[in-house]
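Listed below are the residues making up each chain.
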Amino acid sequence: MDRLDKNKLPRHIAIIMDGNGRWAEKRLLNRIRGHQEGANTVREIVKTCRELGIEVLTLYAFSVENWDRPPIEVNALMSLLRRYLLRELDEMFDNDIRLTAIGDIENLPKGVSTVLIDAMKKTKTCKGMILNLALSYGGRNDILRAVRRIINDYELKKIKSEDITTDVFSNYLSTAGIPDPDLLIRTSGEYRVSNFLLWQIAYTEIYITETLWPDFKKRDLIEAIIEFQTRERRFGLTGEQIGDRDKNRA
Ligand code: FPP
């Protein structure tokens, strides 16, 4: 913890929470037990991010591809999500955490979407941190949806072709208004992006750990942030240019 520089924290951390199934299988347990343990980790990581002063935490809780898992697992994940939202709502509100969601929310079962929309409404004025859940989310769908909305605005003559800059495009995505992630964490040692925030991670630092999501604790998150703080973020510039830029800012 002493190695952590509180003045150089990532503003936005995004996490691909992977390895719940393997965690359970290693213990000869049902995969669903792994997801339940994963939900406990979610609690701990949200709390830690809030304590550290992270502005946005985006969690990949359910991808568009996850609908193709066995129905029993999909149902278990949906009821886990519902229970999590019901149980955590008061604590989120008390800790000034605003809940938001990205993805095809309309495709979630009614029991989940109702609770989700209610929690988003109740925490709308919270300012301490944004907890952004990616649910039925796919990065390609996010981009396609933005393209369709731009075409629609173009046809309504609300936007001209030359107005479509990268910043304007970003504001048509589901993450409009949220800074791009500074740090993307993936647990369980897979070196993939899995259709997560494809546009938004253009300059994000990626941290991959072998630790399975249910075992990923506060100290693991801090280790990831410490590692992030050692990276030189160049955004396509040279190391020398970055040094000069930082000197000029100081
Ligand atoms: C990946 O593990 C994880 C998921 C598909 C779901 C993530 C869900 C949770 C952490 C719990 C519920 C979420 C909230 C926000 C309360 P996997 O099943 O792909 O693991 P494997 O690769 O080892 O099989």
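Reading guide: rules and limits
Residues numbered from 1 in each chain as written. Predicted model: local features only at pLDDT ≥ 70, side-chain atom pairs only at ≥ 80, totals over all residues. Heavy atoms only, no water. Helix = DSSP H or I, 4+ residues; strand = E, 2+ residues; numbered from the N terminus. Contact = heavy atoms within 4.5 Å. Core = buried A, V, L, I, M, F, W, Y, C linked by side-chain atoms within 4.5 Å. Buried < 20%, exposed > 50% of the residue type's maximum accessible area, 1.4 Å probe, protein only. Axes fitted to C-alpha atoms, helices over the stretch in contact; angles between N-to-C directions. Parallel < 35°, antiparallel > 145°, perpendicular 65-115°, else oblique. Left-handed = near helix turned anticlockwise from the far one by under 90°.

A. Main features of the environment of Val-115. Mapped onto the fold, Val-115 is located in helix α4 (residues 110–122). On a C-alpha basis, the gap between Val-115 and Leu-81 in space is 9.5 Å, while along the polypeptide they are 34 residues apart. With near-sequence residues (within four places) excluded, Val-115 lies in contact with Arg-82, Leu-85 and Leu-86.

B. The nonpolar core, seen in detail. Judged by nonpolar contacts, the single largest core of 45 residues is most densely connected at Ile-13, Leu-57 and Leu-131. At eight residues, helix α3 (residues 71–94) tops the list of elements feeding residues into this core. Apart from the residues lying within four places of it in its own chain, the contact partners of Leu-57 are Ile-13, Ile-15, Ile-45, Val-46, Cys-49, Met-129, Ile-130, Leu-131 and Asn-132. Core analysis: the second largest hydrophobic core is formed by ten residues, Leu-184, Phe-196, Leu-197 and Ile-201 among them.

C. Representation of the packing of α3 against α4 in the model. The N-to-C vectors of α3 and α4 enclose an angle of 15°; their axes lie 9 Å apart at closest approach. Classed by the angle they form, the pair α3 and α4 counts as roughly parallel. Seen along the crossing, α3 lies across α4 with a hand that is left-handed. Together, Met-78, Leu-81, Arg-82, Leu-85, Leu-86, Leu-89 and Phe-93 of α3 and Gly-111, Val-112, Val-115, Leu-116, Asp-118, Ala-119 and Lys-122 of α4 make up the contact between the two elements.

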